[in-house]
Amino acid sequence: MIDPKIEIALGAALQAFSKYSGIDVSKIHGEFHSVFELEDDFLAKVDALDAVFNNHPQLEALREVFFDMLMINFFSADVKKLEEDYLDTPEWESIEEQTLDRGTELLNLLLYLNECEDEDIEPELEDYLKEFLLVDEDEFQDEYRIYEPVIANQILMESPVDEIAKVAAKLPEDSELKELFYPMMCFFQNTNPTTDDKTAIAAKAVNKEFDMPVLSILESFN
């Protein structure tokens, strides 16, 4: 079972990858669709997703953000077929432990965008940090640590994209937001970019083959 929003995001991400990498991956869309539609448990779907990426190494940069979307799809579509309290069961706890090293912070951002839609509010960086991630709360200091580069650079919301790119390039290699920083900040700066806006974002992108598909996913969820 695949959530309609996820289906659109999958297509948008692959289309953006094709456009900015010069490698046509449109034919692979069906393989990903089949994975998300699988009537199987979550770990089996993860294995199937990894198999697609293993067969198409040119898409490796998108492996973990597609894992994030697989997780979102599970929360929004698959879990409806399970017990009401499935996410509180030992089985799901075991799955979470086995996938701790998977995915990116895109998962949290997509959950936030879903919440924005549910509450009919416009996504904003400050709202994401303070009201969703609760980075100001003492018990959420892990989130504060992860998002410290974003917290320290909120002024970039008023800056041109080349300034965002400069900061992104200087982030330490071990930063958990190293890859996501540029597309995430560009999205929050302009949640409804025009074609010209996206051309400008792509021109300054740190890694077009990753940044533009991620931006396309975020647009699809907004």
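For clarity, every value in this text was computed on a predicted model and none was experimentally measured.

**Student:** Quick rundown of the overall build of the protein? Include the residues and the values.
**Tutor:** When helices and strands are counted, the protein shows twelve helices and zero strands. In sequence order, the protein lays out its α and β elements as α-α-α-α-α-α-α-α-α-α-α-α. For 222 residues, the compact-globule estimate of 2.2 N^0.38 gives 17 Å, and the protein sits close to it at 17 Å. For the protein, the spread of C-alpha atoms along the three principal axes comes to 45 × 45 × 35 Å. Buried positions account for 47% of the 222 residues belonging to the protein. Accessible surface computed for the protein: about 11,300 Å², of which carbon and sulfur atoms make up 47%. Charge-centre separation for the protein: the mean point of 16 positive side chains lies 10 Å from the mean point of 53 negative side chains.

**Student:** Pulling in residues and values, what's your account of the environment of valine 214?
**Tutor:** Within the element layout of this structure, valine 214 appears in helix 12 (residues 208-221). Each C-alpha atom of the pair valine 214 and leucine 177 lies 13 Å from the other, and the pair is 37 residues apart in sequence. In this structure valine 214 touches Val65, Leu106, Leu180 and Pro183, once residues within four positions along its chain are discounted.

**Student:** Describe the nonpolar core, and please don't skip the residues or the numbers.
**Tutor:** Among the nonpolar cores identified, the biggest contains 74 residues, and Phe32 and Phe66 are the most heavily contacted of them. If one sorts the elements of this core by residue count, helix 4 (residues 63-76) sits on top with eight residues. Setting aside residues up to four positions removed in sequence, phenylalanine 32 forms contacts with Leu10, Leu14, Leu49, Val52, Phe53, Leu59 and Phe66.

**Student:** Before we move on, can you summarise unusual backbone geometry with the specific residues and values?
**Tutor:** One non-glycine residue, aspartate 120, lies in the positive phi region at around 55 degrees. Looking at the secondary structure, you find aspartate 120 in the loop between helix 6 (106-119) and helix 7 (125-132).

Parameters at a glance
- Residue positions are counted from 1 within each chain, in the order its sequence is given.
- pLDDT decides what is reported in this predicted model: residues at 70 or higher carry local features, side-chain atom pairs at 80 or more are listed and counted, and totals for whole chains, interfaces and linings draw on all residues regardless.
- Calculated side-chain values reflect all of the structure's heavy atoms, with hydrogen atoms and water omitted.
- Strands here mean DSSP runs of E at least two residues long; helices mean DSSP runs of H or I at least four residues long; both are numbered from the N terminus.
- Only the C-alpha atoms count toward the radius of gyration. The rule for a globule is 2.2 Å times the residue count to the power 0.38.
- Any residue under 20% of the maximum accessible area for its type is buried, any over 50% is exposed, and the rest in between are partly exposed; the area is computed with a 1.4 Å probe on protein chains only.
- The method behind every accessible area is Shrake-Rupley, applied with a 1.4 Å probe, and residues are considered shielded solely by the protein chains displayed.
- This count recognises Lys and Arg as positive and Asp and Glu as negative, with His and chain-terminal groups excluded.
- Taken as the charge centre is NZ of Lys, CZ of Arg, CG of Asp or CD of Glu, depending on the residue.
- In what follows, residue pairs with any heavy atoms lying within 4.5 Å of each other are defined as contacts.
- Within this scheme, the nonpolar core is defined by two criteria: the residues are buried Ala, Val, Leu, Ile, Met, Phe, Trp, Tyr or Cys, and they are joined through side-chain atoms within 4.5 Å.

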